[in-house]
Amino acid sequence: MDFSIVEPQDAERAHQWHLGFAAANQSILPRTEAQFRGLIEEGYVWSASEQRNYAGLAYCCPNQEATEWELGGLMVAVRETGLGIAAILARLALINVLVKENPLGRGERVIAHVLASNDAPRGLIERALLFQFVRR
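Residues numbered from 1 in each chain as written. Predicted model: local features only at pLDDT ≥ 70, side-chain atom pairs only at ≥ 80, totals over all residues. Heavy atoms only, no water.

**Details of the packing of aromatic side chains**
Turning to step 1, where the next piece is worked out: On inspection of all chains with the given rule, the structure shows 3 aromatic pairs.
Turning to step 2, where the next piece is worked out: Here the aromatic rings of Tyr 44 and Trp 69 are separated by 5.8 Å at their centres, their planes lie at 80°, and the arrangement is edge-to-face. Linking Tyr 44 in the loop between α2 (33-41) and β2 (45-50) with Trp 69 in strand β4 (residues 68-76), this pair joins segments that are 25 residues apart in sequence. Pair check on accessibility: Tyr 44 and Trp 69 agree, each one buried.
Turning to step 3, where the next piece is worked out: Grouped by ring-pair contacts, the aromatic residues Trp 17, Phe 21 and Tyr 54 constitute a single cluster. (Phe/Tyr/Trp six-rings, centres within 6.5 Å; stacked < 30°, edge-to-face > 60°. Helix = DSSP H or I, 4+ residues; strand = E, 2+ residues; numbered from the N terminus. Buried < 20%, exposed > 50% of the residue type's maximum accessible area, 1.4 Å probe, protein only.)

Right under this line is the structure:
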């Protein structure tokens, strides 16, 4: 499995995979192509892939007000679940922003939104990454 930042030349392919995943999984809010391309161009989107076939995507990016950062868009293909790919992607996206942007050094928060109906990422976000539950 290869883990890397998604390159701008792969933005359309990555966005199509994102849309397909979001369509099949109501827990992911689909982003427009322009939004997703912008995240990729800023170097915020990470992928897991084998032979150029995506197995997962995740990003950590500033929110619209740029006062906090969001770890999100964590998607792993069903065929690849249980292999630790989500944990690696989340950590890569998170550490990339912590080192590159230093939001904590500026007093900005890093957050993750999870739909109440989506229990899958809770263990990773709360226990492995040590995010604190704030509100429902």
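**With respect to the nonpolar core**
Turning to step 1, where the next piece is worked out: Of all hydrophobic cores here, the largest spans 38 residues; its most connected members are Val 45, Leu 57 and Cys 60.
Turning to step 2, where the next piece is worked out: Looking at this core, the elements that each hand over two or more residues are α1 (11-24), α2, β2, β3 (53-62), β4, α3 (85-100) and α4 (122-128). (Core = buried A, V, L, I, M, F, W, Y, C linked by side-chain atoms within 4.5 Å.)

**A few points about unusual backbone geometry**
Turning to step 1, where the next piece is worked out: The phi dihedral of Asn 102 falls on the positive side, at around 50°, and the residue is not glycine.
Turning to step 2, where the next piece is worked out: For Asn 102, the position within the fold is in the loop between α3 and β5 (109-111).
Turning to step 3, where the next piece is worked out: Even without a glycine there, the phi angle at Leu 130 is positive, about 65°.
Turning to step 4, where the next piece is worked out: Summarising the element assignment, Leu 130 is placed in the segment after α4.
Turning to step 5, where the next piece is worked out: For Leu 130, a relative accessible area of 65% corresponds to the exposed category.

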